[in-house]
Amino acid sequence: MKPAAAATFLSLSMAMFPAWAAAQSNLSGAHEVGELTSVQATLEDTPDSSPATLRVRGLITAPEPCQVATAEAVGEGESETAGIARVLKIRVTTARASEDQACTQKLTDLQFQFTQEAGLREFEEVEVISDRDIERALVELAE
C-alpha cells in the first residue's frame, strides 16, 4: 500500500471508529502496570457440611495481552478497621504465557481469580497485593 493510500485508510478507520480510538487512548493514559481494579470477595456457602468457598476476583493491568494473571494466598493479618477480624492476603502477579510468542506492547486489564475453602466467618476482608498496588475488599456472602 502506498503511503498516501495508507494515510487515507488510517483517516477513514479513525473516522469510522472514534469510540474505539478514544477507548484505546483512555486505557493507556489511565492505568499503570500492576494497578488493581474491580476487586470483589464473596463467600459461597454450601447446603451440606462441606466448607464454604471464598472467591476473590478482579482485574490487574499488564503491559501486554500475552500475559496471564496468577493469584495466591501469601498470609493473614488483622483488619485495620474491624479490630480482631482476620484478613486474607493475596498476591497477584502477571507473567508471559509463552516466551516464544510475539506480542504487542499494549496495556491490558487481565482478570484474576483466587478460590479457597474457608469457614463461614473465617475472613472478614481480603487484601490483594501487586507489585504496584494494594486493594482491600470486604468479604460478602453470595446470594
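The structure presented is a predicted model; accordingly, all values stated were derived computationally and were not measured. (Residues numbered from 1 in each chain as written. Predicted model: local features only at pLDDT ≥ 70, side-chain atom pairs only at ≥ 80, totals over all residues. Heavy atoms only, no water.)

Glancing now at the overall build of the protein. Assigned secondary structure in the protein consists of two helices and seven strands. Written out in order from the N terminus, the α and β elements of the protein read α-α-β-β-β-β-β-β-β. In the protein, buried positions account for 30% of the 143 residues. Of all intrachain contacts in the protein linking residues separated by at least 6 positions in sequence, the fraction that spans at least 24 positions is 67%. Here the protein displays about 9,100 Å² of accessible surface, and carbon together with sulfur accounts for 53% of that area. (Helix = DSSP H or I, 4+ residues; strand = E, 2+ residues; numbered from the N terminus. Buried < 20%, exposed > 50% of the residue type's maximum accessible area, 1.4 Å probe, protein only. Contact = heavy atoms within 4.5 Å. Areas by Shrake-Rupley, 256 points an atom, 1.4 Å probe, with all protein chains shown as cover.)

Strand order across the open sheet formed by seven strands is S3-S4-S6-S7-S1-S2-S5, with mixed pairing between neighbours. Unpaired on one side and paired on the other, strand S3 (67-78) and strand S5 (108-118) mark the two borders of the sheet. Neighbour-to-neighbour, the strand axes of this sheet turn through a mean angle of 20 degrees, independent of strand direction. As paired strands, S3 and strand S4 (residues 86-96) are joined by eleven bridges and run antiparallel to one another. Each bridged residue has a counterpart across the sheet, and for Ala-69 the counterpart in S4 is Thr-94. (Pairing = 2+ DSSP bridges. Axes fitted to C-alpha atoms, helices over the stretch in contact; angles between N-to-C directions.)

The next subject is the confidence of the model for the protein. Here the protein averages 80 in pLDDT, and 76% of its residues register 70 or above. Overall, residues 5-29 carries pLDDT values under 50, and its contacts beyond four positions in sequence, including any with other chains, amount to eight contacts. (pLDDT = per-residue confidence, 0-100.)

Let us look at the side chain of Thr-61. Considering the arrangement of structural elements, one finds Thr-61 in strand S2 (residues 52-62). Look at Thr-61 and you get buried, because its relative accessible area is 1%. Of the polar contacts made by the side chain of Thr-61, one reaches the side chain of Asp-109; its length is 2.7 Å. Not counting chain neighbours up to four residues away, the residues in contact with Thr-61 comprise His-31, Glu-32, Val-33, Gly-34, Glu-35, Leu-107, Thr-108 and Asp-109. (Polar contact = N/O pair within 3.5 Å; in protein donor to acceptor, adjacent residues only side chain to side chain.)

This part is about the state of the cysteines. In the structure shown here, the tally under the stated rule is one disulfide. The disulfide partner of Cys-66 is Cys-103, and the gap between their sulfur atoms is 2.2 Å. In this structure, the disulfide formed by Cys-66 and Cys-103 twists by about 100 degrees around the S-S bond and is classed as right-handed. Of the two residues, Cys-66 is situated in the loop between S2 and S3 and Cys-103 in the loop between S4 and S5; the sequence distance between them amounts to 37 residues. Overall, Cys-103 belongs to the partly exposed group, its relative accessible area being 21%. (Disulfide = S-S within 2.5 Å.)

In this section: the pairing of S2. In terms of burial, S2 is a largely internal element, eight of the eleven residues being buried. Bridge count between strand S1 (residues 36-44) and S2: seven bridges; the pairing is antiparallel. By the bridge assignment for S2, Thr-42 is matched with Arg-55. Of the strand pairs in this sheet, S2 and S5 are connected by eleven bridges, and their pairing is antiparallel. Looking across to S5, one finds that Ile-60 is bridged to Leu-110.

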